[in-house]
Amino acid sequence: WPPEGEGVCLLEAGEPTAWTQEVAELQGADPLLEAQQRVILTALDTLQVREDGERQYAELRQFLIDHPLALASEVRARLIPLGLAFSDCYQSVPAPCLRSMNGEDVCYPCPRCGWPMSMHRRTGAMRCHAVACVAEGVRFGWLHDRPVPTGNKAWDARPVPVAGRVRLTPGLWRYTVLPGLWELDLARRLRRIPGVEVALWPRLDLYDLDVRHGARQWRVDVKDHRSPRRLLELLRQHPPSVPTHVVIPDGRRADLSLLRHGAGPESLWRFETCSGFVRLVRREIRV
């Protein structure tokens, strides 16, 4: 595969980069997705028989999104009661993410997603592994041993000691944290609308957001796929029984017409961008 711009590579620390994963998704299922599903299914099996299982599941999802880099002791305290294996969810921070500072190893979490950024072996340039984060300008050079943003935004990168800390596995980061950022952002935007209530991952993740205003309800699944064709294939495998909105990032607005046409007029899927869905809710409740 030819690289897409300077510094793009296929593997980092023996793991497929986010760019590699996105390209692989064009061809079909990603084995990392299957591994991530096994971890989540383990949690679902444990929680579905508990009286407060839905709440605990939402708290687990929120914890993973908020802790791409975490203290190992905190991770164990969270995972053990759910029957999840530490090594299925977290791992040591790999060498390409490490830098020595005052005699100790540190890493630099991505200011957007929180996963440790990697450093180019030859140039020392530092960037996030995620295509979406790099597109948002998360990349850095060095000046007087301090990271300096080289992207289109003035992101701030701060060192964190690695001792006692672990990072989320690539599969959970790719398929829980990255889409979770869009889910949380959409929930925040909707909650700013007077009278709107939002529940995340309701009914043990039957869908992503349950949005309500009085008697009105919208079911929402947030999707960020490189290929709209592949997204349609996945949606056809699990058709909804009631109208459900598929919301995509604003940057993928050009995919809307293909998704709407490909789903067909009889489909119960409704396609919007994040901003478009917020406008739709405001319009329907006349706010």
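Everything that follows concerns the structure shown earlier in this document.
## As for the packing of aromatic side chains
Applying the stated criterion across every chain yields a total of three aromatic pairs. Ring centres 5.5 Å apart and planes at 80° place the aromatic pair Tyr-108 and Trp-142 in the edge-to-face group. Taken together, the residues span a long stretch of sequence, with Tyr-108 in the loop between β6 (104-107) and β7 (118-119) and Trp-142 in strand β9 (residues 139-143) at a distance of 34 residues. Using a relative accessible area of 1% as the deciding quantity, one classes Tyr-108 as buried. For Trp-142, a relative accessible area of 24% gives the class partly exposed. Here the basic side chain of Arg-99 rests over the ring of Trp-142, its NZ or CZ set 3.6 Å away from the ring centre.

## As for the nonpolar core
Nonpolar side chains in soluble globular proteins tend to be buried together. Counting residues in hydrophobic clusters, the biggest one holds 62 residues, and the most contacted among them are Tyr-90, Cys-113, Leu-186, Leu-190, Leu-209 and Phe-277. The biggest single contributor to this core is helix α7 (residues 170-191), with ten residues. Residue contacts for Cys-113: discarding those within four places in its chain leaves Pro-68, Cys-128, Cys-133, Trp-173, Val-177, Leu-178 and Leu-181. Counting residues in each nonpolar core, the second largest holds nine residues, with Leu-231, Leu-232, Leu-235 and Ile-248 among its members.

## Some points on helix α4 (residues 72-79)
Listed as buried for α4 are Ala-72, Val-75 and Leu-79. The buried residues of α4 all sit within an arc of 60° when viewed along its axis, so they share a single face. Relative to its buried face, α4 has exposed residues pointing more than 90 degrees away, namely Ser-73 and Ala-77. Buried-residue contacts for α4 involve α3 (53-66), β3 (69-71), α5 (86-89), β4 (90-91) and β12 (165-168).

## Here's the deal with the sheet that holds strand β5 (residues 99-101)
Strand order in the open sheet formed by three strands is β5-β6-β11, and the pairing between neighbours is antiparallel. One side of each edge strand has no neighbouring strand; the edge strands of this open sheet are β5 and β11 (160-161). Sheet topology places β6 next to β11; two bridges connect them, and they run antiparallel. Considered in β11, the bridge of Val-106 is made with Pro-161.

## Overview of the sheet that holds β4
If you walk across this open sheet you meet the three strands as β3-β12-β4, and the pairing is antiparallel. Sheet topology places β3 and β4 at the edges, where each strand pairs with a single neighbour. Pairing of β3 with β12 involves three bridges; the strand directions are antiparallel. Looking across to β12, one finds that Leu-71 is bridged to Arg-165. Strands β3, β4 and β12 of the sheet are contacted by α4, whose axis makes an angle of about 90° with β3. Sheet strands in contact with α7 are β4 and β12, and its direction is about 60° off that of β12.

Here is what the cut-offs are and how they apply
Residues numbered from 1 in each chain as written. Predicted model: local features only at pLDDT ≥ 70, side-chain atom pairs only at ≥ 80, totals over all residues. Heavy atoms only, no water. Phe/Tyr/Trp six-rings, centres within 6.5 Å; stacked < 30°, edge-to-face > 60°. Helix = DSSP H or I, 4+ residues; strand = E, 2+ residues; numbered from the N terminus. Buried < 20%, exposed > 50% of the residue type's maximum accessible area, 1.4 Å probe, protein only. Lys NZ or Arg CZ within 6 Å of the ring centre and 35° of its normal. Core = buried A, V, L, I, M, F, W, Y, C linked by side-chain atoms within 4.5 Å. Contact = heavy atoms within 4.5 Å. Arc of directions from axis to C-beta. Pairing = 2+ DSSP bridges. Axes fitted to C-alpha atoms, helices over the stretch in contact; angles between N-to-C directions.

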